Structure formats: C-alpha cells, structure tokens
Amino acid sequence: MNTKAIEIAAEPYPFLFDPAVCALLIIDMQRDFLEPGGFGEMLGNDVSQLRRTIEPNRRLLAAWREAGLLAMHTREGHRADLADLPPCKKIRGRAAQSIGDSGPMGRILIRGEAGQDIISELYPLPGEPVIDKPGKGAFWATDLHAILQHKGIRQLVVTGVTTEVCVNTTVREANDRGYDCYVPEDCVGSYYPEFQDYGLRMIKAQGGIFGWVGRSDSLIAALKPI
Ligand code: TIU
C-alpha cells in the first residue's frame, strides 16, 4: 500500500488524504431509512432524497475495497428487549408506531430485523466491521473508537444518512476524539434539501470546524494509483 498523503479537493481547503490511516465509515444505510415502504417513508419522508446517495456510495465502496483500505458500516438499532432504548426516544414524535413496534419490515429499528439491516447494494463483506449503535452518533455506547485505535486510524471518510442527524453527530464525535473527517457531499443525504445544505455548511464553516466537505470523485481518483 502507498502510504504517502495525497492532497484532494475539499472545502474549506484541500484535504491531506493519508490512505494508510484512513477508514471509510458508512452511516446507517439501512432498509428502514432508504427503501420505499420502510419506516422512514411510513413517517412521511421522501426517501428519494436518500436513495440518490446509493450509487455514489456503491462506487466509492468498490474503489475503497479495490485499494484494500478499511471499510466500516453502522446501523442504528436497539436490543430486542428495548433495555438500551431511552424512554424519551421511544415516545418522541407521538407517532402511531415507534421503535420496537411491528413495522413494514419487522420490529422497527430492532437489531436482527430485516428493516434494520443494511441495503443490499452496500452490504458489508465478511471482515468489514459493522457497528450497531443505539444513538445518533456512532461513538456513543459502541466499540468504534477502540477498533479505530487498534487499527491506527486517524482520518475518517464519513458517508451515509442522514446528513444533519447521524452523519453530523458522528463527525462531531469523531472531531472531538481527534479524527480528521472528510465528507463527500454526493454520498450523504437528508430527507430535507435545506438540511442537506446547512448540514454540510456546518461541517466546513469556520475554517473546517468539524472537518472537510468534498466529492467522492476526488477520493476515487486519489485511490486509483494505490
Ligand atoms: N441515521 C439517522 O440519521 N437516524 C435518524 O433518525 N435520522 C433522521 O433524520 N431522523
């Protein structure tokens, strides 16, 4: 593996991508959030806003695997007995159906249920760590930080859904733990176009307060020679 850092296009300024210490972290590309007929759509959300991220993520993941770099995946979800579900999260939204109830693809956001699993287009390969997370951030109550430390990772390319919720929360958590984060804007999505815009602007504002924002093409081009 080439261990030289590569400068790639980004805002607010170029990102020094070091493949030897960089992992791809794909956030919550789960069936219940992305598939027509899933929990996300049942709540009235426009899933097409998220589905446009599938193909860019698929291309980036393929290039990442081809280069032999570490790819990781997360899933938001809870224990079947709901012991790790904060009562406030259970009742928030006053929806007719909530986490743990029967949904269109099994019990909503329960680990092991079909709807909680990752979409087939981006399904993890054996050996790619999958982090089951009970919160919006991927570091809260998970072993993600320990795994990254053991593997010598210092940079993260963060993709997935949704931009302003789980992606933003994870980037902020990663930033406070000392990781440099690069977010390819075509690989993250929000149900709300204005939150997509502001979610990205909040990351790159103030000189890159939480990280860098770029595009997957720049990363893929940098991966080609590796
Ligand atoms: N993965 C993630 O972002 N979970 C959410 O609940 N997102 C919403 O935007 N609701």
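Above this text is the structure in question.
Predicted model, so just to flag it, every value in this text is computed and none were measured.

(A) Here's a closer look at the packing of helix H7 (residues 163–176) against helix H8 (residues 193–208). For the pair H7 and H8, interaxial distance at closest approach is 10 Å and the crossing angle is 10°. It follows that H7 is roughly parallel to H8 by the angle criterion. Along its contact with H7, which presents Thr163, Glu164, Asn168, Val171 and Arg172, the element H8 presents Phe195, Gln196, Gly199, Leu200, Met202 and Ile203. In the contact of H7 with H8, the residues fall into 5 nonpolar, 4 polar and 2 charged.

(B) Fine view of the pairing of strand E7 (residues 130–133). Side chains Ile131 and Lys133 of E7 all project onto a buried face; the interleaved residues Val130 and Asp132 project onto a face where none is buried. Bridge analysis of strand E4 (residues 71–76) against E7 gives 4 bridges, and the strand direction is parallel. Note that in E7 the partner of arginine 75 across the bridge is aspartate 132.

(C) Here's a closer look at H8. Taking 1.5 Å of rise per residue, 16 residues should cover 22 Å, and H8 covers 21 Å from first to last C-alpha, within 8% of that figure. Of the positions making up H8, those classed as buried are Gln196, Gly199, Leu200, Ile203 and Lys204. If you follow the buried residues of H8, they end up packed against H7, strand E9 (180–184), strand E10 (188–189) and strand E11 (212–214).

(D) Summary view of the nonpolar core. Counting 39 residues, the largest nonpolar core has Phe17, Met29, Leu60, Trp64, Val157, Tyr182 and Leu223 as its most contacted members. Elements supplying a minimum of two residues to this core: strand E2 (15–17), strand E3 (22–27), helix H1 (31–34), helix H4 (54–66), strand E8 (155–161) and helix H9 (216–223). Of the residues forming this core, the biggest block, 5 residues, is contributed by H4. Not counting residues up to four positions away in its chain, the partners in contact with leucine 60 are Leu24, Val157, Thr159, Pro184, Cys187, Ser216, Leu219, Ile220 and Leu223. Counting residues in hydrophobic clusters, the runner-up holds 26 residues, among them Ile131, Ala138, Cys181 and Val188.

(E) Summary view of the packing of aromatic side chains. For the structure on display, the rule yields 6 aromatic pairs. Ring centres of phenylalanine 139 and tyrosine 179 lie 5.8 Å apart, and the angle between their planes is 35°; on these two criteria the pair is classed as tilted. A residue pair is termed long-range when its members are at least 10 positions apart, and phenylalanine 139 in the loop between E7 and helix H6 (144–150) and tyrosine 179 in the loop between H7 and E9 qualify at 40 residues. Of the residues examined, phenylalanine 139 reaches a relative accessible area of 6% and is grouped as buried. The exposure class of tyrosine 179 is buried, given its relative accessible area of 2%.

(F) Quick look at the layout of surface pockets. Roughly 810 Å³ of volume is contained in the largest pocket. Every residue lining the largest pocket is counted, 30 residues in all, and those nearest its centre are Phe39, Leu43, Glu76, Lys89 and Lys136. Contributing elements (two or more residues each) for the lining of the largest pocket: helix H2 (39–42), helix H5 (87–91) and H7.

(G) Quick look at the pattern of salt bridges. If you walk through the whole model with that rule in mind, you get 16 salt bridges. Between glutamate 11 and lysine 204 there is a salt bridge, with its nearest N and O atoms 2.9 Å apart. On the criterion of sequence distance, the pair formed by glutamate 11 in the loop between strand E1 (6–8) and E2 and lysine 204 in helix H8 is long-range, its members being 193 residues apart. For glutamate 11, a relative accessible area of 42% translates into the label partly exposed. The class for lysine 204 is buried, based on a relative accessible area of 18%. In this structure, arginine 31 engages glutamate 35 in a salt bridge whose closest nitrogen and oxygen atoms are separated by 3.0 Å. It is possible to trace a salt-bridge network through shared partners that takes in Glu55, Arg58, Arg59 and Asp217.

Criteria and thresholds
In this numbering scheme, every chain counts its residues from 1 along its sequence in written order. It should be noted that, the model being predicted, local features are given only for residues of pLDDT at least 70 and side-chain atom pairs only at 80 or more, the latter also being counted only at that level, while totals for whole chains, interfaces and linings use all residues. For the side-chain quantities, the full set of heavy atoms in the structure was used; hydrogens and water were omitted. Here the axes come from fitting lines to C-alpha atoms, over the contacting stretch only for helices, and the angles between their N-to-C directions go from 0 to 180 degrees. The helix and strand labels rest on DSSP assignments: H or I over at least four residues marks a helix, E over at least two residues marks a strand, and numbering proceeds from the N terminus. Note on terminology: angles under 35 degrees are roughly parallel, angles over 145 are roughly antiparallel, angles of 65 to 115 are roughly perpendicular, and the others are oblique. Whether two residues touch is decided by their heavy atoms; if any such pair falls within 4.5 Å, the residues are in contact. Note on residue classes: Ala, Val, Leu, Ile, Met, Phe, Trp, Tyr, Cys and Pro are nonpolar, Asp, Glu, Lys and Arg are charged, and everything else, Gly too, is polar. Between buried and exposed lies partly exposed: a residue is buried under 20% and exposed over 50% of the maximum accessible area for its type, with that area taken using a 1.4 Å probe on protein chains only. Strand pairing requires that DSSP identify at least two bridges connecting the strands. Given the number of residues in a helix, its expected span is that number minus one, multiplied by 1.5 Å. We call a set of buried residues a nonpolar core when its members are Ala, Val, Leu, Ile, Met, Phe, Trp, Tyr or Cys and they connect through side-chain atoms within 4.5 Å of each other. Between rings of Phe, Tyr and Trp, where Trp is taken as its six-membered ring, a pair exists when centres lie within 6.5 Å; planes separated by under 30 degrees are stacked, by over 60 edge-to-face, and by other angles tilted. Residues are called lining when one of their atoms sits within 4 Å of a cavity or pocket point, these points coming from a 1 Å grid over the protein atoms alone, where a cavity is a set in which a 1.4 Å probe fits but cannot get out and a pocket is an open set with protein on both sides within 12 Å along at least five of seven lines. Grid points are joined across faces, edges and corners, and a volume is the space filled by probe spheres set on the points. What counts as a salt bridge is simple: a side-chain nitrogen of Lys or Arg found within 4 Å of a carboxyl oxygen of Asp or Glu.

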